[in-house]
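Structural features, examined
Next come the chains, spelled out residue by residue.
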Amino acid sequence: MADLFTLRAAVEADRPYLDAYCWNEGMDNLPSLERVTVAANADDEPVGFIRIALGANGAAHVNPVVTHASWRGYGVGRALMEAAAAEHGELRLVARGASVPFYDALGFEECDWGLIDTSVTENCEGCELVDECNPKPMRRG
Ligand SMILES: CC(C)(COP(=O)(O)OP(=O)(O)OC[C@H]1O[C@@H](n2cnc3c(N)ncnc32)[C@H](O)[C@@H]1OP(=O)(O)O)[C@@H](O)C(=O)NCCC(=O)NCCS
């Protein structure tokens with residue numbers, strides 16, 4: 001059986017999908033398509049994506065990973081994360097409380113906030129939803 005999805009680098013034609021997926025999750029639009037990988041369906045439409053931000057500290061940060069709601073539970077998020085790990089090694093991130101079980105399933109562990117680059121933590125600082133979101137710094141080395 002053919003794969004349900006394949007991974008490829010994001011291209012400009014993906015923008016409307018990526019912008020919509022960010023909007024659905026209450027996230028800002030992606031600043032660029034640099035280090036953005038999409039999971040594409042048989043029609044080559046993105047069904048999920050991951051963006052890796054390289055912090056000033058040199059570490060690779062997942063910021064963010066999103067799977068379209070209708071595609072969740074099919075291994076898209078795991079495939080995007082494992083491809084990023086294969087390329088970058090250690091991954092760090094700030095998990096929304098609701099997504100912690102996903103990162104737990106992938107073997108991530110809670111870490112110190114100081115390990116997370118400020119370009120990633122600034123998304124949380126001053127956010128009025130921080131109590132509801134309950135963000136957690138995590139890493140897998
Ligand atoms: C988090 C998210 C990316 C997971 O994507 P997904 O494509 O559904 O994940 P997968 O199907 O690859 O799941 C991988 C593993 O995580 C587990 N998992 C995923 N979501 C889970 C949840 N809510 N509770 C428990 N386990 C979960 C799966 O069971 C699976 O485990 P297995 O491989 O051992 O069976 C997706 O739910 C999402 O886009 N959420 C909204 C955006 C978000 O919060 N992103 C993360 C913050 S940056």
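Residues numbered from 1 in each chain as written. Predicted model: local features only at pLDDT ≥ 70, side-chain atom pairs only at ≥ 80, totals over all residues. Heavy atoms only, no water.

On to the site of the ligand, then. Taken together, 18 residues are adjacent to the ligand, and Val-65, Thr-67, Gly-73, Gly-77 and Arg-78 come closest. Within the backbone of Thr-67, a nitrogen or oxygen atom sits 2.8 Å from an oxygen atom of the ligand. Contact between the ligand and Gly-77: an oxygen atom at 2.8 Å from a main-chain N or O atom of the residue. Coverage of the ligand by the protein chains reaches 68% of its 920 Å² of free accessible surface. At the level of secondary structure, the elements contributing two or more residues to the shell around the ligand comprise β4 (60-67), α2 (76-88) and α3 (100-105). (Near = heavy atom within 4 Å. Polar contact = N/O pair within 3.5 Å; in protein donor to acceptor, adjacent residues only side chain to side chain. Areas by Shrake-Rupley, 256 points an atom, 1.4 Å probe, with all protein chains shown as cover. Helix = DSSP H or I, 4+ residues; strand = E, 2+ residues; numbered from the N terminus.)

So, about the pattern of salt bridges. For the structure shown, the criterion picks out 10 salt bridges. Across the salt bridge formed by Arg-72 and Glu-25, the nearest N and O atoms sit 2.7 Å from each other. In this pair, Arg-72 sits in the loop between β4 and α2 while Glu-25 sits in the loop between α1 (15-24) and β2 (36-40), placing the two residues 47 residues apart along the sequence. The exposure class of Arg-72 is partly exposed, given its relative accessible area of 44%. Here Glu-25 falls in the partly exposed class, since its relative accessible area comes to 24%. We note a salt bridge from Arg-139 to Glu-90, for which the minimum N-O separation is 2.9 Å. Within this pair, whereas Arg-139 is found in strand β7 (residues 136-140), its partner Glu-90 is found in the loop between α2 and β5 (91-95), the two being separated by 49 residues in sequence. (Salt bridge = Lys/Arg side-chain N within 4 Å of Asp/Glu carboxyl O. Buried < 20%, exposed > 50% of the residue type's maximum accessible area, 1.4 Å probe, protein only.)

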